[in-house]
Amino acid sequence: MEKEGNLSPFNSMKINDKELRRWQESYSAMAGVFLCCLGPGGEKIIDFAGNPLDVAEIKKAVPDVHIMNIFQRVTESDLEDQAVERTLVPNIRMGAVAIKVKGLISFVWIACAVLSDAEYEKELYENDPAENISLTTTEKKFYNSLDFLRVTSLALARAYKSQNDAAATSAVTFKKTEDYKLSFRRAEIMTEIVSMLDSDDEIEVVMQKILRKICEYLNISNAFICRIHTEDKLMDIVVEWMLDGQYKVFEEDTDLDRCWFLGSTQLTAVSASTSMNAGEKEQLEDLGIYAVVSIPIVIVDQIPFYACFAETRENREWVVNDIKFINDSIKILQNIITKRIQRNSIASSFHSLEAVLDNVGSSIYVRCMKTDEMLFANRSLRKYFARELQKNELKDLFEANIPPRSHSGNYEIYYEAKDRWYDLYYTRIRWVDGRLVSLCALYEITEKKIYQKRIEQQAYTDFLTGLYNRLCCERDLVEYVEKAKKTGTKGMLMYLDLDDFKKINDGLGHQYGDVLLQDISSAIKSIDGVQNSCYRMGGDEFVIIVPPESYNKLGSILEEIKRAFATPWYLKDGDYYCTMSMGMVEFPSGGDTVEELIRKSDIAMYEAKKSGKNRISQYSDSIDASSIRRLDMEKAMHKAVEDDCREFEVYYQPVMSIDGKKDEIVAVEAFVRWNSRMLGYISPAEFISLAEYLGLINPIGEYVFREATKKCGEWSKKLGKELSVFVNMSVVQLMQPDLSVKLKEAVDDAKIKPEQLVLDVTEALTMNNTERTGGAINKIKEMGVRFSLDDFGTGYSSINGLRALNFASIKVDKSITSELETETYAKSLIVSLVDLSGALGAKICVEGIEKKSQLDILKKLKVPYVQGTYYSIPVPAEEFEKKYIK
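No experiment lies behind these values; they were computed from the predicted model shown.

*Asks:* Explain the confidence of the model for the protein to me, and be specific about the residues and the numbers.
*Replies:* Summarising the model, the protein shows a mean pLDDT of 86, and 92% of its residues fall at 70 or more. For residues 1–12, every residue scores under 50 in pLDDT, and the model assigns this stretch 41 contacts once sequence neighbours within four places are set aside. Between residues 344–348, whose pLDDT stays under 50, and residues either more than four places distant or in other chains, the model counts three contacts.

As C-alpha cells, this is what we get:
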C-alpha cells in the first residue's frame, strides 16, 4: 500500500492516504489507542496522531527498532499476523496487525495503548508508568480493539483492491476504445481519398488535397510530389503542402538537385536511426528535414513521380501503420493519375482500383444508383456477405437509413441475423465508367459495442447494492414520463429514506450498515412490478419508480414495501428493526421533469418524517410551505458545505476604544453571512439554528475563524499594531475534541499571537459550566486564546460564573444600550460593571451604539470599548478595509 497516485509493487494496490488518516483518527478516538501505519516494506505511511505531548511519550516507549521487530514478527510468519508486546514503559503495550490480501501484505497497523489496569513488576522497568495521557483503555478492550482493527482493515483493503482492479479494467477498456476511434478515423480518411477518383479538379489540385489529408491525419509537417528528369539528375516540384506555421522545404520549384532518397523502386523511410553517410546527412540538414518517407508513383511501368512526406520540426520514427496508410493512399493517387492519363483504358483503371480496394481493412461494395446493379464487391465483402451478395440484399440491409438527399455520411447498423454491429460509411461518386454509384464501406464494431455496454453498465450501477444509481434513475425517469404522456397513462415516483440508519451504522459498525443496505436493496427489487426500476440515490436514500405498465399494481407494491420494513433485519448477532419514511408523487400530473418530480417526492418524504417517521406521504399542493423552505435550505446548506463553504462570507464590524483623545479601532468582530446560489440571501437567524441541527455548524464555524484570523493578521500588519478579532463560538463547537488544534493552526497560519483571537460565548455557558465545557475552555486558554462573554444582560449570569470562567472582556447587550437615555438601571448596570471590571480582570465593551448621544453617555461612564452601527454595520472585508485599514 502506498500513497494516492503510487502503485505498490507488493500487491498493486492504491490507497488514498487522506482517507486512511481520517479512518485512523476516528478509530483512535473510539478505541482509545494510538495508531501508525506501515507499508509492505516497513516504510511509514501514517505516523502516530493525537496530542503532540502524548505522541512524544508513546514514541519514547516504542523506539523504531522495537517497531521494526514486531513488524518483522507479523509479516515474516505465515502463522502469526497479529501480536502484542511489552514496551519500555510498564503500562504501555504495543500491538501489530498485518493486513494481508491474497497472501500479500497490504499494510501493517502499529497500535499502542496506555492501560489503566496494567499489571507489572516495578523492578523489571527503568521507566515510570505513563501518566496524564488523553487516550487510555483496559487490557481486555485493547485486545478486542486489535481484533476489530484486523477485521475492518481487511475489509478496507479488499475494497481498495476491488476498486483498483476495476480501475485497471477501465484503463484497458479506454485503450481499446481509443484504438477503435483511430481505426474509424483512418477508414473515414481513406473513404474521402477514394471519393476523389471521380473528381473533375485539375490533377495538381487533387494531389494537393490528398497530401493535405494524409499530413493532417498523421500530423506530418511537409509533403511534396516531384517529377524526376530522365535526361539528367535534376527534379521539379509539382505540388508542395505544409502545416500552418511551417516553411516550404524548397525555395525554387524547377531544376533542383535530385534528393538522395529518391530513385528507388520501393518505398524509402528515413529517420535519425537510419544509417547514412556524411553527404546524405548534410543534404537533409540543408533542407531542414529530420525524417522523410518517399514513395514511387508508378504509371504504366514507369516512375515519373515520387511522393515525399517530410518532418521538419523534430525527429520522427515511422511506424508500420503510418507507412501502410501512406502507401495505400498514394496507390489511390496513382490510380487517379493513371485514370487521367488513360481515360480510354477503363479496364486498366478498374483493375488497379480493384487491387487497391481488395487490400483495405473494410468490406466495400459499389452499386449503380440508376439500375441497382452491383458493380463491385471487394474480397472482404465477398467473404463475409456471400449469401447477401448472392441474393442482392445489400441495399435493403445497409442503405435503408440513408437520408434521400444525403451524398455522404456514416451511421451504425445492427445486423440481427449475424448478431453483429457495423459502422457504414457511404458516398456517391462517379465510377470508372462514368456511372453515378453508391460506394459503401462496412467496418465491424461488435467488440466496441460490447465494451460500450459494459462501461454503461458500470456507469449506471451502484457498486455496494447492485441497484441502479442516481444517473440511471434520472435517465429512466425521463423515459417513463414520456411514455406516460404519449399513452395517456400514469406512474408513481417514490422517494424512500431510512429512519435512524445512522444509529445502526454507528452502533454496529459500517460493515453491518452496508449489509443492511444490501438486504434492503434485495428486498425492494424483488417486489413484483418494480424489479427493474429500483435505485440507490446515495447514503440511505432510495427511489422506486412504478412504471405506467405496473401502475395497476400500486396497492400491492406499497403493501410489499411496508411488509419488508415491518420485518426485522438480522445483523451481527440479532434482529434489528429499521423503518423508513417515503414520499410519493404521481406523474405526469404531478410534474413532467426529473428535477420537479424528485423535488416533490423529496418534499413529501420530509413531510412523512416530520409527521413522526415510519410513514408514507403523497405530495400535494397543500403541504406546508415551511416544510418546503426547510428542505430546500437543508439541501442548499449541505451543498454549500461540500463546496468548502464558499457561499458563506465573513462580514466585519469595528470595536472602538473611546477612553482616549479620539476614537480608534482596537478590534473587529466577525459575522457570518450566507448568500446561497439556490435560495439567495438567507438571514443568520434562519440558518444558524439549522446548521446546529444538521451538525454543520462546525465546518461553517471553522471556515469563519480561519478567514477572520487571516484578515486579522493582514490588517494588523498594515496598521502596525495588534488588532484583536472576536469570533462567535457555540457550545456545540466548543465540544469538538480537536478544536484547540484547529484554532492553533488558524492562529499560526495567520501569523498572529494567540491572545489576538477572542472567542465570543453566550451567558448560557456560565449557567451550564459543566466539567466538560470547563475542560474544553481551559484547554483553549492554555494556548493563549481568550474568551469574551457576549450579550451580557439578556440572561442570568452570576458574578461567580463570571469569575469562574475568567473572561477577557464582557460585552453588554444592545437591549441595555437602547435604554441608556430613558432607564436609570441601564446606566447603573454599566457603572457597576465598569467598577467590577478590575476585580474581574475583564474589559467592558458596550454593543448596539446607534447614535452620538448614547456614545456621549458611555464616555462619561468611562466605558473603554464600544461597537455598533453608529460606526458601521457589519460589512464585507473589502469594504471594511477601505474605511478602517489605512
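Here the narrative resumes, following the displayed structure.
*Asks:* An account of the packing of aromatic side chains is needed here, citing residue identities and associated values.
*Replies:* What the rule picks out here adds up to 25 aromatic pairs. When the ring of Y411 is compared with that of Y426, the centres are 6.1 Å apart and the planes differ by 55°; the resulting orientation is tilted. Placement of Y411 in strand 14 (residues 408–415) and of Y426 in strand 15 (residues 420–430) is noted, with a sequence separation of 15 residues between them. For the pair formed by Y411 and Y426, the shared burial category is buried. Positioned above the aromatic ring of Y460, the side-chain terminus of R475 is 4.2 Å from the ring centre.

*Asks:* Residues and numbers for the sheet that holds strand 14, please.
*Replies:* Sheet strands pair via backbone hydrogen bonds, and the direction of the pair is either parallel or antiparallel. Taken in spatial order, the five strands of this open sheet run 13-12-16-15-14, and their pairing is antiparallel. Sheet topology places strand 13 (374–377) and strand 14 at the edges, where each strand pairs with a single neighbour. Averaged over all pairs of adjacent strands, the angle between strand axes in this sheet comes to 20°, irrespective of strand direction. Of the pairings in the sheet, the one linking strand 12 (residues 363–368) to strand 16 (residues 436–444) comprises six bridges and is antiparallel in character.

*Asks:* Any chance you could break down the pattern of salt bridges for me, citing the residues and the numbers?
*Replies:* With the rule as written, the count across this model stands at 56 salt bridges. Taking the shortest distance from any N to any O, the salt bridge between K600 and E596 comes out at 3.0 Å. A residue pair is termed a helical-turn pair when its members lie 3 or 4 positions apart in one helix, as K600 and E596 do in helix 17 (residues 594–610) at four residues. One salt-bridge network, held together by shared partners, links E702, R706, D738, K742, E745 and D749.

*Asks:* Talk me through the nonpolar core; I want residue IDs and the actual numbers.
*Replies:* Core analysis: the biggest nonpolar cluster contains 79 residues, and M637 and V866 have the highest contact counts within it. Element by element, the count of residues in this core is highest for helix 20 (residues 697–719), at seven residues. In contact with M637, other than residues within four places in its own chain, are W674, F687, L690, A691, L694, L696 and I700. The next biggest cluster of nonpolar side chains, apart from the first, holds 58 residues, and it includes A187, I323, I332 and V437.

*Asks:* For helix 12 (residues 446–459), give the residues involved together with the corresponding values.
*Replies:* Compared with the 20 Å implied by 1.5 Å per residue over 14 residues, the 20 Å span of helix 12 between its first and last C-alpha is a close match. Along helix 12, the positions that sit buried rather than exposed are T446, K448, K449 and Y451.

*Asks:* Give a detailed account of the packing of helix 20 against helix 29 (residues 877–884), specifying residues and quantitative values.
*Replies:* Running from N to C, helix 20 and helix 29 cross one another at 20°; their axes reach a closest spacing of 12 Å. Here helix 20 lies roughly parallel to helix 29, going by the angle between them. Where helix 20 crosses over helix 29, the handedness of that crossing is right-handed. From helix 20, K711, W715, K718 and L719 reach across to helix 29, where they touch A877, F880, E881 and Y884. Taken together, the residues of the contact of helix 20 with helix 29 sort by class into five nonpolar, no polar and three charged.

*Asks:* Quick rundown of the pairing of strand 5 (residues 104–114)? Include the residues and the values.
*Replies:* Burial runs high along strand 5: 10 of the 11 residues are buried. As judged from the five bridges shared by strand 1 (residues 34–38) and strand 5, these two strands associate in the antiparallel manner. Counterpart to C37 in the pairing with strand 5 is W109. Bridge count for strand 4 (residues 92–101) against strand 5 is 10 bridges, and the pairing is antiparallel. Along strand 5, the bridge assignment pairs I92 with V114. In this structure, the hairpin formed by strand 4 and strand 5 is closed by a connection of two residues, where K102 is found at a positive phi of approximately 55°.

Definitions and limits used
- Residues numbered from 1 in each chain as written.
- Predicted model: local features only at pLDDT ≥ 70, side-chain atom pairs only at ≥ 80, totals over all residues.
- Heavy atoms only, no water.
- pLDDT = per-residue confidence, 0-100.
- Contact = heavy atoms within 4.5 Å.
- Phe/Tyr/Trp six-rings, centres within 6.5 Å; stacked < 30°, edge-to-face > 60°.
- Helix = DSSP H or I, 4+ residues; strand = E, 2+ residues; numbered from the N terminus.
- Buried < 20%, exposed > 50% of the residue type's maximum accessible area, 1.4 Å probe, protein only.
- Lys NZ or Arg CZ within 6 Å of the ring centre and 35° of its normal.
- Pairing = 2+ DSSP bridges.
- Axes fitted to C-alpha atoms, helices over the stretch in contact; angles between N-to-C directions.
- Salt bridge = Lys/Arg side-chain N within 4 Å of Asp/Glu carboxyl O.
- Core = buried A, V, L, I, M, F, W, Y, C linked by side-chain atoms within 4.5 Å.
- Expected span 1.5 Å × (residues − 1).
- Parallel < 35°, antiparallel > 145°, perpendicular 65-115°, else oblique.
- Left-handed = near helix turned anticlockwise from the far one by under 90°.
- Nonpolar A, V, L, I, M, F, W, Y, C, P; charged D, E, K, R; others polar.

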